[in-house]
Each structure stands twice: as structure tokens, then as C-alpha cells.
Amino acid sequence: MQLAAMVPQSVKRAVRRRAEEEGTTVRSVLLRALKHAGIAEVDESEIADRRIAAGAERSGAWKATRTR
């Protein structure tokens, strides 16, 4: 399901910047923020970055690039 919202450009930049800093996706940043604000119950498996290639995940190579 998709959710769209009009937000100020500064908010869009801030969310993208945070995602880049954390090495994750905008989706993950937003889901974590919604969970933290108590707006939605979100399972950690939903917050996980889904872009990780299955092969890299199996090999454990992706863990070396994650510090958070």
C-alpha cells in the first residue's frame, strides 16, 4: 500500500538526509518515526531495509557496512 503526503521541501530533505546517514531507506526512517510517536504499531521486520540483496545477507557481508 502506498501513502502520499505533501510536506515542506525541508522535511523531505531532512528525511532523505537521515536515511542516507543511517544507510537505510526513507521508508524505514518514516516507519520508525511513526512507531516512536505512538501513531502506529510497527513490527521491526517491517522497518528493516528491504534493499539488501539476498546473497549479501546470507554471506553476512552487509553486516560489515551497518553500524546502527
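Use the structure listed above.
Residues numbered from 1 in each chain as written. Predicted model: local features only at pLDDT ≥ 70, side-chain atom pairs only at ≥ 80, totals over all residues. Heavy atoms only, no water.

J.: Sorry, what's going on with the side chain of Thr25 here?
T.: Looking at the element boundaries, Thr25 is found in the loop between helix H1 (9–22) and helix H2 (26–36). For Thr25, the side chain forms a polar contact with the main-chain nitrogen of Ser28, separated by 3.0 Å. When residues no more than four places from it in sequence are discounted, the contact partners of Thr25 are Ala19, Asp49 and Arg51. (Helix = DSSP H or I, 4+ residues; strand = E, 2+ residues; numbered from the N terminus. Polar contact = N/O pair within 3.5 Å; in protein donor to acceptor, adjacent residues only side chain to side chain. Contact = heavy atoms within 4.5 Å.)

J.: What is the right way to look at H1 in this model?
T.: The periodicity of an α-helix, 3.6 residues per turn, causes residues three or four positions apart to be oriented the same way. Here H1 spans 20 Å end to end across 14 residues, near enough to the 20 Å set by a 1.5 Å rise per residue. All of the buried residues in H1 are Val15, Ala19 and Glu22. Down the axis, H1 shows its buried residues gathered within 75° of arc, on one side only. The exposed residues of H1 that point more than 90 degrees off its buried face are Glu20 and Glu21. (Expected span 1.5 Å × (residues − 1). Buried < 20%, exposed > 50% of the residue type's maximum accessible area, 1.4 Å probe, protein only. Arc of directions from axis to C-beta.)

J.: Just checking my understanding: could you explain H2 for this structure?
T.: Among the residues of H2, those classed as buried are Ser28, Val29 and Leu31. Buried residues belonging to H2 abut H1 and helix H3 (44–47). Looking one or two places after H2, you find Gly38, whose phi comes out positive at around 75°.

J.: It is not clear to me how the pattern of salt bridges should be interpreted in this structure. Could you clarify?
T.: Overall, the coordinates contain four salt bridges when judged by the stated rule. Note that Glu22 and Arg18 form a salt bridge whose closest N and O atoms lie 4.0 Å from each other. Placement of both Glu22 and Arg18 in helix H1 is noted, with a separation of four residues, approximately one turn of the helix. Under the relative-accessibility criterion, Arg18 is labelled partly exposed at 45%. (Salt bridge = Lys/Arg side-chain N within 4 Å of Asp/Glu carboxyl O.)

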